[in-house]
Amino acid sequence: RHGETEANEKGIYCGGKHDSPLTGEGKNQAALLGKALNNYYKFSGNFIVCSRRGRTIETANGISQFLEPKPSILTIEGLHEMDLGEWCGKTAEENQKLFPKECAEWKNNVLKPSFRFPGGESMTEARKRMMNCFNVIQKLWRSRGEKNDDIIIVAHSGTNMIILAEILRVQMGTFAYRSIRQDNTCLNIINYCESSKWRPKIQIVLVNSTHHLDMKF
């Protein structure tokens, strides 16, 4: 996930086409993640893929400066956060006053996937868009033909949650994927392995790790 933004700091919803720059702390988080990927996780790859929102591009640039060799940054439009429409640019308290019923259902994870945020999109639509992007990234990885060629994806909390839930085959009858926590610059590791009779080809190795924020370099 991207680093802390001004919207995160103020508790403002920021999805769809809305954007917010990184705070000083967010830039520091990105730098620490870059150092950890290089020195601890031993990242070996040529690409960082991110959405076209400024906060993910800023984070990708902050990470890349500590990687050797420095990877190319590729942007994909459909990788952006779920479009919450009229909820964007407002705090949870403001939305609670304007949309009390929907906010209560959102909080309790009982909204239906077909629910479309006013002026935005539904979870069903967002899920299809995000998984199409993830499939494109998988094709890019496979096209490299190198077993140790890693790819970094810098995305958003909702995007990450939906991709992880899809891999885990979480029932998407509601917005239950929101139970997967994603902190700023958290690291998730997805491993592709040779298919076998007893394990799936895609495995989630790490989720929501912020260990790098406490590392000393």
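This text goes with the structure placed above it.
Residues numbered from 1 in each chain as written. Predicted model: local features only at pLDDT ≥ 70, side-chain atom pairs only at ≥ 80, totals over all residues. Heavy atoms only, no water.

Student: Describe the pattern of salt bridges, and please don't skip the residues or the numbers.
Tutor: All told, the structure shown has seven salt bridges when counted by the stated rule. The partner of Asp19 in a salt bridge is Arg55, with the nearest N and O atoms 2.8 Å apart. Separated by 36 residues along the polypeptide, Asp19 in the loop between α1 (6–10) and α2 (24–39) and Arg55 in helix α3 (residues 54–64) bring together distant segments of the chain. According to the relative accessible area criterion, Arg55 is buried, its value standing at 2%. Lys101 is the partner of Glu105 in a salt bridge, and the nearest nitrogen-oxygen pair spans 2.9 Å. Taken together, the positions of Glu105 and Lys101, both in helix α5 (residues 100–107) and four residues apart, correspond to about one turn of that helix. Judged by relative accessible area, which is 56%, Lys101 ranks as exposed. (Salt bridge = Lys/Arg side-chain N within 4 Å of Asp/Glu carboxyl O. Helix = DSSP H or I, 4+ residues; strand = E, 2+ residues; numbered from the N terminus. Buried < 20%, exposed > 50% of the residue type's maximum accessible area, 1.4 Å probe, protein only.)

Student: Break down the sheet that holds strand β2 (residues 72–75) for me, citing the residues and quoting the values.
Tutor: The pairing of strands in a sheet happens through backbone hydrogen bonds and is either parallel or antiparallel. Pairing within the open sheet is parallel, and its three strands lie in the order β2-β1-β3. Among the strands making up the open sheet, the edge pair consists of β2 and β3 (150–154). Strand after strand, the sheet turns through a mean of 25° between neighbouring axes, direction not considered. Inspection of the sheet shows strand β1 (residues 45–50) paired to β2 by four bridges, in the parallel sense. Paired with Cys50 across the strands is Thr75, a residue of β2. On top of the sheet, α3 reaches β1, β2 and β3; it is set at about 160° to β1, its chief contact. (Pairing = 2+ DSSP bridges. Axes fitted to C-alpha atoms, helices over the stretch in contact; angles between N-to-C directions. Contact = heavy atoms within 4.5 Å.)

Student: Account for the packing of helix α6 (residues 123–144) against helix α7 (residues 157–167), with residues named and values stated.
Tutor: Here α6 crosses α7 at 75°, and the two axes come no closer than 10 Å. Our classification of the angle between α6 and α7 gives roughly perpendicular. Facing Arg127, Met130, Met131 and Phe134 of α6, the residues of α7 in contact are Gly158, Thr159, Ile162, Ile163, Glu166 and Ile167. Broken down by class, the residue content of the contact of α6 with α7 amounts to six nonpolar, two polar and two charged. (Parallel < 35°, antiparallel > 145°, perpendicular 65-115°, else oblique. Nonpolar A, V, L, I, M, F, W, Y, C, P; charged D, E, K, R; others polar.)

Student: Please give an account of α6 that cites residues and values.
Tutor: With 22 residues, α6 should reach 32 Å at 1.5 Å per residue; the first-to-last C-alpha distance of 32 Å fits that figure. Buried within α6 are the following residues: Met123, Ala126, Arg129, Met130, Met131, Cys133, Phe134, Ile137 and Gln138. Where α6 is buried, its residues meet β1, β3, α7, β4 (187–192) and β5 (202–209). (Expected span 1.5 Å × (residues − 1).)

Student: Requested: an account of the nonpolar core, with residues and values cited.
Tutor: Ranked by size, the top nonpolar core spans 21 residues in total, and within it Met82, Leu84, Trp87, Trp106, Phe117, Phe175 and Tyr177 carry the most contacts. Secondary structure elements with two or more residues in this core: α5, α6 and α7. The leading source of residues in this core is α7, at four residues. For Trp87, the contacting residues outside a window of four places in its chain are Tyr13, Asn95, Phe99, Glu102, Cys103, Trp106, Phe117 and Pro118. By size, the runner-up hydrophobic cluster in this structure holds 11 residues, among which are Leu33, Ile48, Ile63 and Val154. (Core = buried A, V, L, I, M, F, W, Y, C linked by side-chain atoms within 4.5 Å.)

Student: Which residues make up the packing of aromatic side chains, and what are the values?
Tutor: Going through the model one piece at a time under the given rule, you end up with eight aromatic pairs. Judged by centre distance (5.9 Å) and plane angle (25°), the rings of Trp87 and Phe99 are stacked. Residue Trp87 is located in the loop between β2 and α4 (92–98), and its partner Phe99 is located in the loop between α4 and α5; the two are separated by 12 residues in the primary sequence. Aromatic pair Trp87 and Phe117: ring centres 4.9 Å apart, planes at 80°, arrangement edge-to-face. Placement of the pair is Trp87 in the loop between β2 and α4 and Phe117 in the loop between α5 and α6, with a sequence separation of 30 residues. Since its relative accessible area comes to 0%, Trp87 is described here as buried. (Phe/Tyr/Trp six-rings, centres within 6.5 Å; stacked < 30°, edge-to-face > 60°.)

Student: An account of the environment of Gly11 is needed here, citing residue identities and associated values.
Tutor: Relative to the helices and strands, Gly11 is located in the loop between α1 and α2. Between the C-alpha atoms of Gly11 and Lys90, which are 79 residues apart in sequence, the distance is 8.2 Å.

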